[in-house]
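Tertiary structure, described
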Amino acid sequence: MGKNYVASHGKLSVRGTAIVDRAGGEVRLYGPSTLGLVWYPEFINKEAFTCVHDWGANLVRLAMYTMEEDGYCSGGDKEFTKKLIDDGVRFCTELGMYAIIDWHILSDGDPRQNKEEAKCFFAEMADKYKDHDNVLFEICNEPNPGGFNSGEEHEPVDWPVIKSYAGEIIPIIREKTDAIILIGTPTWSQEVDKAADDPVTGYDNLMYSLHYYASTHGQYLRDKLIYALDKGLPVFVDEYSITAADGNGDINYEEADKWSALVDERNLSCAQWSLSPRDESSAMVKPNTGKVSGWTDDDLTDTGKWMKKRLKEAALK
Ligand code: IDC
């Protein structure tokens, strides 16, 4: 049994731009994100979670697509999906890791598209996990101009739209728990600068998402992050990879290092895309290893090997 991070640090809260533990000490969460939970349900097992814990992770992000294939709002099996979340949270709890429950909007770029479903989902999740010290809620993965709102007659999916959505979901969670809530930002969770200019007020323990893919996103996006942090916005990098933004393509090690230097300097919490065997370069496990846990370096892709090394450097000691 390795380190039980949750026993050591307890329930987390946000102070300034930092995450702090029950004793007020600064905490950094770092660990992998699943791909779509229902796409690789066999990856949600205790041994797999033990493996990433051994690598140094103190966090697993549970990504639940809302509208892609078998999505929660597009015909997927809701009970099966929630069982996977429950298993994921339980393994994290048993291993002393934190868990993010991620409402993974993507082709539904406007979070209002499935707002009523989101309200029911978060009411249920907040109630179910209100006594867990290790659960964080991510209310909209990546707002973007796609989806039902893409026509010109609609209001663009900009920060005011996301802010109004957040204003409806946050109170539902807050009825049950003051756990940390992560809020997506415009343009696939890149425009933290807009959130910094006009943050959500009236609630504690809110953080804002920044996502980066090192082969696509460079200094201009780091500048937005720096701007937001310097304005006092708490930012969580709840998804990043070192490939291109389509989840594939070459790794850019040089940009990846520049990003690591910045997130280390600012002690930001991060989730790595993705702990899956998908045949794409951002997946950490090679396709066709046949293994759903106990991965050795031979089982890992170049991204996987890089991410594993990174966990050792970055995770909470
Ligand atoms: C990608 C997956 C890919 C899947 C696709 C679904 O890697 O296998 O087919 O989603 O449309 C994001 C998103 C994340 C994307 C990822 C890579 O949050 O869902 O996953 N990405 O494109 N934002 C930037 C990149």
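See the structure shown above.
To keep things clear, this report deals only with the structure shown in the data block.

Rules of the game
Counting of residues starts from 1 at the beginning of each chain's written sequence and follows it residue by residue. The model is predicted, so local features are restricted to residues of pLDDT at least 70 and side-chain atom pairs to those at 80 or more, both for listing and for counting; the totals for chains, interfaces and linings are taken over all residues. Values shown for side chains rest on all heavy atoms present in the structure; no hydrogens or waters enter the calculation. Comment: axis = line fitted to C-alpha atoms, over the contacting stretch for helices; angle = value between 0 and 180 degrees taken between N-to-C directions. We count a stretch as a helix when DSSP gives it H or I for four or more residues in a row; a strand needs E for two or more, and each element gets its number in order from the N terminus. An angle counts as roughly parallel when it lies under 35 degrees, as roughly antiparallel when it exceeds 145, as roughly perpendicular when it falls between 65 and 115, and as oblique in every other case. Each helix crossing is assigned a hand: it is left-handed if the near helix lies turned anticlockwise from the far helix by less than a right angle, otherwise right-handed if that turn is clockwise. Contact criterion: two residues are considered in contact whenever any of their non-hydrogen atoms come within 4.5 Å of each other. Nonpolar core, defined: a set of buried Ala, Val, Leu, Ile, Met, Phe, Trp, Tyr and Cys residues in which side-chain atoms within 4.5 Å join the residues together. A 1.4 Å probe rolled over the protein chains alone gives each residue an accessible area, and that area as a share of the maximum for its type sets the label: buried under 20%, exposed over 50%, partly exposed in between. Given a helix with a known number of residues, its expected span is that number minus one, times 1.5 Å. Polar contacts, as used here, are pairs of N or O atoms within 3.5 Å; protein pairs need one atom able to donate a hydrogen and one able to accept it. Residues neighboring in sequence count only if both atoms are side-chain atoms. A side-chain nitrogen of Lys or Arg and a carboxyl oxygen of Asp or Glu constitute a salt bridge if their distance falls within 4 Å.

**Overview of the packing of helix 2 (residues 46-55) against helix 3 (residues 78-95)**
Two numbers describe how helix 2 lies on helix 3: the axes approach to 10 Å, and their chain directions differ by 50°. If you check the angle between helix 2 and helix 3, you find them oblique. For helix 2 against helix 3, the interelement crossing comes out right-handed. The residues of helix 3 that touch helix 2, namely those facing K46, F49, T50 and H53, are G88, F91, C92, E94 and L95.

**Topic: the nonpolar core**
Grouped together as the largest cluster of nonpolar side chains are 89 residues, with contacts concentrated most on F49, I85, W103, F122, I139 and I183. With eight residues, helix 5 (residues 159-174) is the single largest residue contributor to this core. Not counting the four nearest positions on each side in its chain, F122 is found in contact with W103, F137, E138, I139, Y165, I169, I172 and I173.

**Describing helix 3**
Compared with an ideal rise of 1.5 Å per residue, which puts 18 residues at 26 Å, helix 3 spans 26 Å between its outermost C-alpha atoms and is within 8% of the ideal. Along helix 3, the residues classified as buried are T81, K82, L84, I85, D87, G88, V89, F91, C92 and L95. A side-chain oxygen of the first residue of helix 3 lies 3.2 Å from the backbone nitrogen of E79; this N-cap is D77. After helix 3 finishes, the residue G96 shows a positive phi value of roughly 75°.

**As for unusual backbone geometry**
The phi angle of most residues is negative, glycine excepted, and most peptide bonds adopt the trans form. Of note, the amide linkage connecting W273 to S274 takes the cis form, showing an omega dihedral of -10°. Checked against the element boundaries, S274 lands in strand 11 (residues 270-275). Even without being glycine, T187 reaches a positive phi, approximately 55°. Relative to the elements of secondary structure, T187 occurs in helix 6 (residues 186-189). Of note in this structure, S189 is not a glycine but carries a positive phi near 55°. One can find S189 in helix 6. Overall, the relative accessible area of 0% leaves S189 in the buried class.

**Points about the pattern of salt bridges**
For the structure on display, the rule yields 32 salt bridges. Among the ionic pairs, D87 bridges to R90, the shortest N-O distance being 3.2 Å. Remark: R90 and D87 occur in helix 3; sequence separation between them is three residues, near one turn of the helix. Classification of R90 as partly exposed rests on a relative accessible area of 37%. Here R310 and E313 are joined by a salt bridge, their closest N and O atoms 3.0 Å apart. Of the two residues, R310 and E313 both sit in helix 10 (residues 302-314), three residues apart, roughly one turn of that helix. Relative accessible area serves as the criterion here: at 2%, R310 is assigned to the buried category. Salt bridges sharing partners connect three or more residues here, namely R28, D264, K309, R310 and E313.

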